[in-house]
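Notes for the structure review
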Amino acid sequence: MKRSIITQNLLALALVALPLFASSQNRPIHEIHAMMIYNFTKYIQWPGYEASQDFVVGVIGSDDVFNTLNTWYGNQERGNKKFVIKKFGSPGEIQKCHIIYVAKNNSKQFDEIKNKVGGNPTLIITDRPGLGKEGSGINFVTEGNKLSIELNQAALDAANLKVSSQLTSIAKVI
C-alpha cells in the first residue's frame, strides 16, 4: 500500500515536472511557464464546467507567454474542450477565464485582478515572490536556477477549484 502511494507520487511528479526539468536547460522561461500552465489543467477541476464550453486562458502582461500558449495550445481540442487563449491589456478587460496568468511586470495590478475574478472559479497564476501568500492560486518561484511552484490552498478553495493530490505533492503548499 505504501509503495503504491510512493509510486503514484513519483508518477505525478514525472507527469507535471518532466516537461519542466527535461527541457528547462534549453528553453526560455516563458516556454516553461506555458508548458506548466497547460499541464496544470490536467490536475485541477473546475466544478460546473460544461464539457462543450471553451476553456479560456487569459494572459495579462507577457507577450511571450501569450504567444507561446496561443501557438502551442490555442484552439486545440482536448477531449471536448477547445483551448482559447486571450490577451488582456488591463484588469478591466478581463472576461470569464478558467485561468488568468499575471506576468511579473503586471504584478502591481494583482489586487485589482484578484478582485475582478473573485467569486469565480478562476485559477490565478502569478510569477512574483510573495503573490502566493497574497492570494494567487499558483505562484512560480525561482530559487537559484530552479523553478518551483507555490500552491495557495485557501485561494483555490475560495475559487471552488479541486486540485489533485498529485499536484499538491510537488508544490510548496502555503
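Since the model is a prediction, treat every value here as computed from it, not as a measurement.

Per the stated rule, a full pass over the model turns up 1 cavity of 30 Å³ or more. Taken as a whole, the largest cavity spans an internal volume of roughly 40 Å³. Along the walls of the largest cavity sit Ile37, Tyr38, Thr41, Val57, Leu69, Tyr73, Phe83, Ile85 and Ile99, which together make up its complete lining. Among the elements of the structure, helix 2 (29-40), helix 3 (63-73) and strand 4 (81-88) are those that each provide at least two residues to the lining of the largest cavity. Considering only residue class, the lining of the largest cavity consists of 8 nonpolar, 1 polar and no charged.

To continue, consider the side chain of Glu150. Within the element layout of this structure, Glu150 appears in strand 8 (residues 146-151). Of the side chains bearing the opposite charge, Lys172 lies closest to the buried Glu150, which forms no salt bridge; the N-O distance is 4.5 Å. Apart from the residues lying within four places of it in its own chain, the contact partners of Glu150 are Gly132, Gly137, Ile138, Asn139, Val141, Lys172 and Ile174.

Of all residues in the protein, 83% have pLDDT values of 70 or greater, and the mean over the chain is 86. Here helix 1 (residues 2-23) stands out as the least confident element of the protein, with mean pLDDT 47; strand 6 (residues 123-126) is the most confident, with 97. For residues 9-13, every residue scores under 50 in pLDDT, and the model assigns this stretch 5 contacts once sequence neighbours within four places are set aside.

What counts and how
Residues numbered from 1 in each chain as written. Predicted model: local features only at pLDDT ≥ 70, side-chain atom pairs only at ≥ 80, totals over all residues. Heavy atoms only, no water. 1 Å grid on protein atoms, 1.4 Å probe; cavity = no way out; pocket = protein on both sides within 12 Å on 5 of 7 lines; lining within 4 Å. Points joined across faces, edges and corners; volume = space filled by probe spheres on them. Helix = DSSP H or I, 4+ residues; strand = E, 2+ residues; numbered from the N terminus. Nonpolar A, V, L, I, M, F, W, Y, C, P; charged D, E, K, R; others polar. Buried < 20%, exposed > 50% of the residue type's maximum accessible area, 1.4 Å probe, protein only. Lys, Arg positive; Asp, Glu negative; His and termini not counted. Salt bridge = Lys/Arg side-chain N within 4 Å of Asp/Glu carboxyl O. Contact = heavy atoms within 4.5 Å. pLDDT = per-residue confidence, 0-100.

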